[in-house]
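# Summary of structural features
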Amino acid sequence: KNIDLNLCMKLTSVNINCEILEKLELGFCTKLENLRLDSGLKSLDLSMLPLKDLFLRGLALSELNLSGCTGLKNDSIYMICPNLRTIDISGSNLGSTFEKEYLQRCKKINVLKGGSAHDWMP
């Protein structure tokens, strides 16, 4: 249920398909550029990771932290997270296109930190 990849400094890509996953630790994975995750996680902190490509499918995911992920671009993210409520994109290069797309698609988002609306709440 738990995967700890903290300090895996040579790790460049992760592909996990595990619906029973409860905790994923990726701190200080300084070369991690690609993450493909299909899981039952409720919260995911990817802050400060050098990600360039991100695929997330998380039906239970309600909190996502992408702060400081400067390598991510609007067209390098694909997310299916219908229960996402809180997302932090502060310090990232994700802009208004990302916000519009995911605010329209993820109807349950009620907190957007770091977007153009700065800490937006409906």
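Attention in this report is confined to the structure presented alongside it. (Residues numbered from 1 in each chain as written. Predicted model: local features only at pLDDT ≥ 70, side-chain atom pairs only at ≥ 80, totals over all residues. Heavy atoms only, no water.)

### Description of the packing of aromatic side chains
Operational definition: We call Phe, Tyr and Trp rings a pair once their centres come within 6.5 Å, taking the six-membered ring for Trp, and we label the pair stacked below 30 degrees between planes, edge-to-face above 60, and tilted otherwise. Going along the chain from the N terminus, every DSSP run of H or I of four or more residues is numbered as a helix, and every run of E of two or more is numbered as a strand. Our definition puts a charge over a ring when NZ of Lys or CZ of Arg is within 6 Å of the ring centre and also within 35 degrees of the ring normal.
Counted under the stated rule, the structure contains 1 aromatic pair. Look at F55 and Y78: their rings are 5.5 Å apart centre to centre, the planes differ by 15 degrees, and that puts the pair in the stacked class. Of this pair, F55 sits in strand 6 (residues 53–57) while Y78 sits in strand 8 (residues 77–80); the two residues are 23 residues apart in sequence, bridging distant segments of the chain. It is R36 that lies over the ring of F55; its NZ or CZ is 4.0 Å from the centre.

### Some remarks on the pattern of salt bridges
For clarity, the cut-off: The salt bridge criterion pairs a side-chain nitrogen of Lys or Arg with a carboxyl oxygen of Asp or Glu, the two atoms within 4 Å. Residue exposure (1.4 Å probe, protein chains only): buried if accessible area is under 20% of the type maximum, exposed if over 50%, otherwise partly exposed.
Tallied over the entire structure, the rule returns 5 salt bridges. For E33, the salt bridge identified is with K52, shortest N-O distance 3.6 Å. Taken together, the residues E33 in the loop between strand 3 (23–25) and strand 4 (34–39) and K52 in the loop between strand 5 (43–45) and strand 6 connect sequence positions 19 residues apart. The partner of R57 in a salt bridge is D38, with the nearest N and O atoms 2.9 Å apart. Taken as a pair, R57 in strand 6 and D38 in strand 4 lie far apart in primary sequence, 19 residues in all. Classification of R57 as partly exposed rests on a relative accessible area of 29%. On the basis of relative accessibility, which here comes to 16%, the residue D38 falls in the buried class. Members of the salt-bridge network, linked through shared partners, are E19, D38 and R57.

Take it as geometry only, folks, not as evidence of what the structure does.
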